[in-house]
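Secondary and tertiary structure notes
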Amino acid sequence: MKCVLRLEILTELRLRLDDGYTVRTATEAHDFSSRERSAFGSKLARAIYFSCALAAHADVAALSSIAVRGGASSIMADKKTDEPYKRPQTLTRCEQITHFLYNSETHEVLGRTAKSWFQIALFYVVLYAFLAGFFIALLTVFYQTLNDHEPKWTMDNSLIGNSPGMGYRPTHADPDVTVISFNAKDPKYWSDRVDDFLGPYYTIAPKADAYAECNYGTANADPITPCSFKVDLNKCAQNDYGFGVNKPCLFLKPNKIFGWTPIPYTKEEIESEELQMPANLQAAILKLPTDVIEKNIWVSCMDMDNMNVTLEYDTHIGFPTFYFPYANQAGYLTPFVAMQIDNLPEGVTVKISCRLWAKNIVVDRQRRLGMTNLEVLSNA
């Protein structure tokens, strides 16, 4: 602003000099010629310009000094209001663990406040409740497709097929042990295994009302009430089922297939040579009445290594057809045939193969259909 005023004064002064005005100093006055007036005006202008520049520089310096003083004052004021710097404390390992378990300053447990723990617990409760509900809904839909009484797929539509296999008892408690190895001096283990197998058959008497009395005049098993199977043992009922006298008894039985009904051979088919039935079995069957012959699944066993062992059947050598079909009847008991092995050599494993005889039973040794293999070792 001062520079502007000085420039205005300079302009007015030069105009007056050009018009012939007389400028006097404090002591004397001079009349200026035209050339002198011009030289004097230029000098005066330069003097006023430098004076203005110095004044502007002084103003900027003053403003800068004020700004610096103001900033320094504000920083000093801030420093006065802030707390003094404190060096963080160094905690020991035990103190760090304790501090993590419970922070007394923030009231955090395991790094979380009570509110945070509540929120995360609520989240997982809702999440797992949803997952459990979804899983239960899937199971409910799945179980709606199942039948509690019979399998969905049976006979040819099932993996089991329509030709039963064959099993035997007793077996070792370890399923990987397939050899029936026994000692006649200590037969308790195997006799106990036989007792476990025959136990359900001996409990039929108290539940006689739950079973039907069937005979060869009965066409097929009732789908609701099963036929009772009476255990009728002769030689096999003695000497710990023969294990105590080196004449063990084994119990052969067909596997259960839901809805499967056997088709026995007729008397004429058994008499024919095309069937290739063992001669001893054929002779034993033909001694029976015709109605018995044509209503049984027959069993035959043979010594695979020709060890000259004797295989004798106790009371019966077949499974009557009136025990079939199996329809998941409550308390159903599979019929069995008792076979006693005699003349067992000591310390030698005897391999025996048994098979079933019926029109609709396929015998396949590779797939173990309609037959079974067993091994017996006497250590007496």
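See above for the structure.
Residues numbered from 1 in each chain as written. Predicted model: local features only at pLDDT ≥ 70, side-chain atom pairs only at ≥ 80, totals over all residues. Heavy atoms only, no water.

A few points about the overall build of the chain
Let me state the cut-off plainly: The helix and strand labels rest on DSSP assignments: H or I over at least four residues marks a helix, E over at least two residues marks a strand, and numbering proceeds from the N terminus. Think of it in three bands: with a 1.4 Å probe and only protein chains considered, a residue is buried below 20% of the maximum accessible area for its type, exposed above 50%, and partly exposed in between. By definition in these notes, contact holds between two residues if any of their heavy atoms fall within 4.5 Å. To be clear on the numbers: accessible area is Shrake-Rupley with a 1.4 Å probe, and residue cover counts the displayed protein chains and nothing else.
Looking only at helices and strands, the chain features eight helices and 13 strands. With 380 residues in all, the chain has 30% of them scored as buried. Contacts in the chain between residues far apart in sequence, at least 24 positions, make up 71% of those at least 6 positions apart. When the accessible surface of the chain is summed, it comes to about 25100 Å², and 57% of that surface belongs to carbon and sulfur atoms.

Concerning helix 5 (residues 188-202)
Quick note on the threshold: In this analysis, the expected span of each helix is defined as 1.5 Å times one less than the number of residues it contains. Each residue is assigned a bend, namely the angle between axes fitted to the seven residues that terminate at it and the seven residues that start at it.
The end-to-end C-alpha separation of helix 5 is 19 Å, in line with the 21 Å expected for 15 residues at 1.5 Å each. Asp196 marks where helix 5 bends most, by close to 30°; the proline Pro200 follows one to four residues later. Looking at helix 5, one finds that the buried residues are Trp190, Ser191, Val194, Phe197, Leu198 and Tyr201. Contact partners of the buried residues in helix 5: strand 5 (166-169), strand 6 (179-182) and strand 7 (249-254).

Digging into the sheet that holds strand 6
As a reminder of what qualifies: Each pair of strands is called paired provided DSSP finds at least two bridges between the two strands. Note on geometry: axes are C-alpha line fits, over the in-contact stretch for helices, and angles between N-to-C directions span 0 to 180 degrees.
Spatial ordering of the open sheet is given by 6-13-12-8-10, a layout of five strands whose pairing is mixed. Since the sheet does not close on itself, it has two edges, and those belong to strand 6 and strand 10 (318-320), each with one partner. Each strand of the sheet is rotated relative to its neighbour by a mean of 20°, with strand direction disregarded. In terms of strand pairing, strand 6 meets strand 13 (residues 371-378) through four bridges, oriented parallel. Bridging across to strand 13, Ser181 finds its partner in Leu377.

A word on the state of the cysteines
To keep things clear, this is the line we draw: Pairs of cysteine sulfur atoms within 2.5 Å are what we label disulfides.
Within this structure, the stated rule accounts for three disulfides. Put simply, Cys214 and Cys227 are joined by a disulfide, and their sulfur atoms are 1.9 Å apart. As the torsion about the S-S bond is roughly -80°, the Cys214-Cys227 disulfide counts as left-handed. Taken together, the residues span a long stretch of sequence, with Cys214 in the loop between helix 5 and strand 7 and Cys227 in the loop between helix 5 and strand 7 at a distance of 13 residues. Exposure remark for Cys227: the relative accessible area of 3% places this residue in the buried category.

Regarding a negative patch on the surface
We count it as follows: Residues enter patches when they are more than 30% accessible in relative terms and free of salt bridges; like-charged ones are connected within 9 Å and nonpolar ones (Val, Leu, Ile, Met, Phe, Trp, Tyr) within 5 Å. For salt bridges, the criterion is a side-chain nitrogen of Lys or Arg within 4 Å of an Asp or Glu carboxyl oxygen. Residues scored as charged are limited to Lys and Arg (positive) and Asp and Glu (negative), so that His and the chain ends carry no count. Positions of charges follow a simple convention, taking NZ of Lys, CZ of Arg, CG of Asp or CD of Glu.
Judged by side-chain charge, Glu268, Glu271, Asp291 and Glu294 come together as a negatively charged surface patch. Structurally, Glu268 can be placed in helix 6 (residues 267-271).

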